[in-house]
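Listed below are the residues making up each chain.
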Amino acid sequence: MRIHTAVVTILTVAMLAPLQAGQGPEKEELKLKLPKPMFIGTPTNIKSANLEVVTGKSRGPFMVPIGTKLLSAKRPVKSSDPQPVIGELEMITDGEKEGGDGYFVEIAPGKQWVQVDLGASSALHAILAWHYHSQARVYRDVIVQVSDDKDFLKGVTTIFNNDHDNTSGLGIGKDKEYIEVAEGRLFDPKGIRGRYVRLYANGNTSNDLNHYVEIEVYGTPVK
Amino acid sequence: MMGAGLMTRSRGMFKPPYAGHDAVSRIRFAALVGVALVLALGLRVVGLDHRPMHHDEANQAVKFGVLLETGEYTYDRTDHHGPTLYYLTLPVALLRGQATLASLDARTVRLVPALFGVGLLLLFLSLTSRLGRLAVAAAVLLAAVSPALVYYSRFYIQESIFAFLAVACLVALGRYGERPTLAAAVTAGVCVGLAYATKETTVIVVPAAVAAVAVARHLPSGPGGHRMAARMMDSRTWPPARHLAAGGAAALAIAWLFFSSFGSHPDGFVDSIRAFGLFFDRGTGTGSHSQPWYHYLGLLVWSSSGGVVWTEAAILVLAIAGLVSACRATGSYWQRVVALYAVFATLAFSLVSYKTPWNLLPFYAGVVLLAGIGAQALVTPWGQTNRWGQIPRRPMIQKPWALTPSAGQRRALTPWLVGAVLVAVCAHLGWQSWQASLRDGADPRNPYAYLHTSPDLLRLVQRVTDLAALHGDHDRMLVRVVAGPYEQWPLPWYLRRMTRVGYWPRAAEAGPFDGTPVLIASQENVPALEAALGDRYISEMYGLRPEVFLTVFIERGLWERYLATRR
């Protein structure tokens, strides 16, 4: 009987061990400092199959591994338009996320990208972007990519792509468009590793320019 | 009888009032005007098709298309202004070889207001002998680069033509006040008739111009030739009855011709009068276009939105200097005519609660002319004119490089300083005009882009065009637009080359949808269409105007074929 109990216990432990290992590190809620909404209410009457459902409610808690940090703060930013029409590229990682004048960078019309250099390859757990949130608008062809190559020629992982007709030539995206709101849009990189984060956009529903208030990249440095 | 006496007395006494000819030589004047005309033309005609069509532009362009194709026009008193815009577009379209709505393009229709925008400068030039070369040179330069005047000169609406005709009325009435002849009365009548056939707000600008001329004639004029003229004209007399009759007849005849579509719709003119009930309700109501009295001035002084700042305050400051100059004892008749018109018209338009930004043009054209007078006044400060009101021919330049200039030297430096400031002001205004017209033409941060069509709509148009190219019916591909009138425009313009596009305000009236490859819907109609179309269609969303969206439904098979071309 004792032998039988011992065998069952060993077998049980042996079976559960891989499961335990697969759960990974413990998680905690990602704490974000959000700006004030700039327009009253979210336009819930806007509907399209290619548009994320507008609930008018705030995003729920997002869980990240314990020890996840903001890696993008004050990190250098590059862009396909090195001379913004309004603002400076550094404003994209300065921590200021308000929607008013003086908080956003305006870059050239058409397909443009901005790229944040995290300084070292890290496991990424959350990427947030605020394009422009003082007006209900949709930014076109939003693509988020991660790579260890600063030129994004190799080892590129696309974690979000709503370019549903391949306007940008980076492949047809299956993700949906979304309306800009004060809490920003959260992209889940699912722990993928990379040093550079690049975001593409291609104008918006109000004008053909591209804007960024802030980009935040959360992750855990790789040791 | 009194009028006849006035005629007799005024005959042969006319001498253009002198006002600062010597401040700028003929050659410099010609050079400045040449620069202004080149700037005006360049800023008004380059890239005319760059900005998407505003819904008001599109509506007028389609209405013109009907006139172009059928030769017919019927005045619509419920939602349109006068017909001159359409008739004046005819020669431009024919010269460009465009005889149908489908063949028309934005450049053709927008060229008409653009040319009248340049024409405004030529009207200013007609006052050179009355206001002085410097005042007119400054005014044409400011008009050439003023963002408001430039932006709406590129807009296919009545306003640019109307501003031109408002100033034409002022000049014609001012000349009649100066020398009341029958020909001058008829000329003024023609201008008033054309203005009325352009826009109903003639009932504001013409009384403002008449009042300006009447008051200016009653005021004692300053030194110079006009003092003599003013003394010889009996300002207490009314215009002779035959002048009033001839002028009124000319105005009525012109207005009747246009509103009646040159006789084919006789009721048009009466309808134009009946329309004033609607205009009065709109002008005094509290609708979405209702704004406080200071709206126009605030818009011109300072407008800041989304990190972009716009200002034409320099023109207003110069206009105030012009007003002060005109009010002084040395002010001439014509300076006062311009100043009083600018004040009366600005006040009148400001007091009307219905305000759209382009409505500022008729009074702002007068303000810009007054700013030219102000620039001249700043260059020729008080006491620098001689007893005939003339500026000394040779400036008293002694040692401009001296560290401590004498009073004479300071006076001599004044024109150069004011000139340098004017150049800087014009450069800034020109840069704003370029931004307003080309870079931010449809941007909601541009204060002149009022409820403007978003460039995103051009993507929708491109999508429909691309789909039609793939569809077997090509330009005959059926498209159903299910949206209220406010959300339909400017689609009829952009889809003008497609022959089977239908418009319905509500989904319930637009069906059945079977066999319709593409549908375009306003947001309130989307749920009904989604329910009716199911998963046989994919949908996309496009911006029509800021925070106004359209959804396009595309039959899934057609979409897949389209997508195959994009991989």
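Residues numbered from 1 in each chain as written. Chains lettered and ligands numbered in written order. Predicted model: local features only at pLDDT ≥ 70, side-chain atom pairs only at ≥ 80, totals over all residues. Heavy atoms only, no water.

**Considerations on the sheet that holds strand 4 (residues 501-504) of chain B**
All names here are of chain B.
At step 1: Strand order in the open sheet formed by five strands is 4-3-5-7-6, and the pairing between neighbours is mixed. Because the sheet does not close on itself, it has two edges, and the strands there are strand 4 and strand 6 (537-545). The mean angle between the axes of side-by-side strands here comes to 20°, regardless of whether they run parallel or antiparallel.
At step 2: Of the strand pairs in this sheet, strand 6 and strand 7 (residues 548-555) are connected by eight bridges, and their pairing is antiparallel. Each residue of the ladder has a partner; that of G543, found in strand 7, is F549.
At step 3: Helix-sheet contacts for helix 21 (residues 456-470) involve strand 3 (479-482), strand 5 (518-522), strand 6 and strand 7, and the interaxial angle to strand 6 is about 145°. (Pairing = 2+ DSSP bridges. Helix = DSSP H or I, 4+ residues; strand = E, 2+ residues; numbered from the N terminus. Axes fitted to C-alpha atoms, helices over the stretch in contact; angles between N-to-C directions. Contact = heavy atoms within 4.5 Å.)

**Comments concerning the interface of chain B and chain A**
At step 1: Facing 34 residues of chain B, the contacting portion of chain A comprises 34 residues.
At step 2: Area buried by chain B at its contact with chain A is led by R459, M541 and R566 of chain B, which between them contribute 23% of it.
At step 3: The tally of links between chain B and chain A comes to three salt bridges.
At step 4: The residue R463 of chain B makes a salt bridge to D165 of chain A at a minimum N-O spacing of 2.4 Å.
At step 5: Where chain B touches chain A, the interface holds 14 residue pairs in polar contact (both at pLDDT 80 or more).
At step 6: Elements supplying a minimum of two residues to the side of chain B that touches chain A: strand 1 (303-305), helix 21, helix 25 (526-533), strand 6, strand 7 and helix 26 (556-564) of chain B. (Buried area = accessible area lost by both parts, 1.4 Å probe. Salt bridge = Lys/Arg side-chain N within 4 Å of Asp/Glu carboxyl O. Polar contact = N/O pair within 3.5 Å; in protein donor to acceptor, adjacent residues only side chain to side chain.)

**What about the nonpolar core?**
At step 1: In terms of nonpolar packing, the biggest core is built from 198 residues, with F187 of chain A together with Y364 and I520 of chain B touching the most fellow members.
At step 2: Looking at this core, the element that brings in the most residues is helix 9 (residues 159-178) of chain B, giving 13 residues.
At step 3: Residues contacting F187 of chain A, with those up to four places away along its chain left out, are A126, I127, A129, V142, V144, I159, F160, Y178 and L199 of chain A.
At step 4: The next biggest cluster of nonpolar side chains, apart from the first, holds 11 residues, and it includes A507, F513, Y537 and F553 of chain B. (Core = buried A, V, L, I, M, F, W, Y, C linked by side-chain atoms within 4.5 Å. Buried < 20%, exposed > 50% of the residue type's maximum accessible area, 1.4 Å probe, protein only.)

**Notes on the packing of aromatic side chains**
Residues and elements named next belong to chain B.
At step 1: Scanning the entire structure with this criterion turns up 27 aromatic pairs over all chains.
At step 2: Here Y87 and F262 contribute two aromatic rings whose centre-to-centre distance is 5.0 Å and whose plane-to-plane angle is 80°, an arrangement assigned as edge-to-face. Highlighted residues: Y87 in helix 4 (residues 84-95) and F262 in the loop between helix 13 (241-259) and helix 14 (267-274), separated in sequence by 175 residues.
At step 3: Residue Y87 is classed as buried on the basis of its relative accessible area, which comes to 14%.
At step 4: Taking relative accessible area as the criterion, F262 reaches 45% and is therefore assigned partly exposed.
At step 5: When the ring centre of Y151 is taken as origin, the NZ or CZ atom of R51, which lies over that ring, is 5.3 Å away. (Phe/Tyr/Trp six-rings, centres within 6.5 Å; stacked < 30°, edge-to-face > 60°. Lys NZ or Arg CZ within 6 Å of the ring centre and 35° of its normal.)

**Considering helix 19 (residues 361-379) of chain B**
At step 1: Helix length check: helix 19 of chain B, at 19 residues, gives a terminal C-alpha distance of 27 Å against a target of 27 Å (1.5 Å per residue), a fit within 8%.
At step 2: Along helix 19 of chain B, 18 of the 19 residues are buried, which leaves the element largely enclosed by surrounding structure. (Expected span 1.5 Å × (residues − 1).)

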